[in-house]
Amino acid sequence: MDKLIKILREQMILCSRLIEIFNGLNNALKDNATGIGVTPSVQAVEPLLKDLSKSEIKIQEFLKEKKVSDLKTFIDMQPEGVERSVSTRLISQVSNLQNQLRRKTVNAAGLLVSSKAFIDFNLNVISQTKASTTYGPPGSEIEHQRKIRMFDASV
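Residues numbered from 1 in each chain as written. Predicted model: local features only at pLDDT ≥ 70, side-chain atom pairs only at ≥ 80, totals over all residues. Heavy atoms only, no water.

> Which parts of the structure should I look at to understand the overall build of the chain?
Looking only at helices and strands, one finds four helices and zero strands in the chain. Each helix (α) and strand (β) of the chain, taken in turn from the N terminus, gives the series α-α-α-α. Relative to its 155 residues, the chain shows a buried fraction of 27%. Excluding contacts between residues fewer than 6 apart, the proportion of contacts in the chain whose partners are at least 24 apart in sequence is 68%. A total accessible area of about 10700 Å² is found for the chain, and carbon and sulfur atoms account for 57% of it. (Helix = DSSP H or I, 4+ residues; strand = E, 2+ residues; numbered from the N terminus. Buried < 20%, exposed > 50% of the residue type's maximum accessible area, 1.4 Å probe, protein only. Contact = heavy atoms within 4.5 Å. Areas by Shrake-Rupley, 256 points an atom, 1.4 Å probe, with all protein chains shown as cover.)

Below, the structure written as structure tokens:
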């Protein structure tokens, strides 16, 4: 039981730290059009995600060793006591932190997509991209060719 509590505390610390970093990343994506602060946040996330993955592998090995399908079942099989209540509380906290982390990740992904769309729009403005005539007669696109070719248009 001590091993499980140790792993759960490790996951709780990792998830809390990741949430802090994702808060900083989301703020950097919202506040800066230049992307300042994004690179350090992303570099800080990578090793923590590896550690979280290793921690999850430890839990799966623990469950396999105890021949139990999930942590809740294992804890329910344990006698009443301090260790059982601590592990129950830790599982609840880790689950809540993982849900928060999932929301932060989805939010950051949405902000990154919006940032990419913003960059694409600005590049199209800079390169004077014009939309093609979708319903025009054949050959009418020639007169709308752009003068500066920077990237393919997404207009």
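> Explain the packing of helix 1 (residues 2–31) against helix 4 (residues 82–126) to me, please; I cannot follow it from the model alone.
Angle between the axes and distance between the axes are the two parameters that describe a pair of packed helices. For the pair helix 1 and helix 4, interaxial distance at closest approach is 8 Å and the crossing angle is 25°. Compared by their axis directions, helix 1 and helix 4 come out roughly parallel. Crossing geometry of helix 1 relative to helix 4 is assigned as left-handed. Taken together, the residues of the contact of helix 1 with helix 4 sort by class into 19 nonpolar, eleven polar and five charged. (Axes fitted to C-alpha atoms, helices over the stretch in contact; angles between N-to-C directions. Parallel < 35°, antiparallel > 145°, perpendicular 65-115°, else oblique. Left-handed = near helix turned anticlockwise from the far one by under 90°. Nonpolar A, V, L, I, M, F, W, Y, C, P; charged D, E, K, R; others polar.)

> Looking at this structure, how should I read the environment of methionine 12?
Inspection of the secondary structure puts methionine 12 in helix 1. Take methionine 12: its relative accessible area is 22%, and that puts it in the partly exposed class. When the C-alpha atoms of methionine 12 and leucine 97 are compared, they prove to be 7.2 Å apart, with 85 residues separating the residues in sequence.

> For this particular structure, what's the right way to read the nonpolar core?
Across soluble globular proteins, nonpolar side chains show a tendency to be buried alongside one another. One finds Leu18, Phe22, Leu25, Leu52 and Leu101 to be the most contacted residues of the largest nonpolar core, which totals 17 residues. Listing elements by their share of this core, those giving two or more residues are helix 1, helix 2 (38–66) and helix 4. In terms of residue count, the dominant contributor to this core is helix 1 (nine residues). Among the nonpolar cores identified, the runner-up in size contains 15 residues, and Leu4, Ile5, Ile7 and Ile75 belong to it. (Core = buried A, V, L, I, M, F, W, Y, C linked by side-chain atoms within 4.5 Å.)

> Can you help me understand the packing of aromatic side chains in this one?
Any two aromatic rings considered together are summarised by their centre-to-centre distance and by the angle between their planes. Taken as a whole, this structure holds one aromatic pair when the rule is applied. Look at phenylalanine 62 and phenylalanine 74: their rings are 5.1 Å apart centre to centre, the planes differ by 85°, and that puts the pair in the edge-to-face class. Here phenylalanine 62 is found in helix 2, whereas its partner phenylalanine 74 is found in helix 3 (residues 71–77), with twelve residues between them in sequence. Exposure remark for phenylalanine 74: the relative accessible area of 5% places this residue in the buried category. (Phe/Tyr/Trp six-rings, centres within 6.5 Å; stacked < 30°, edge-to-face > 60°.)

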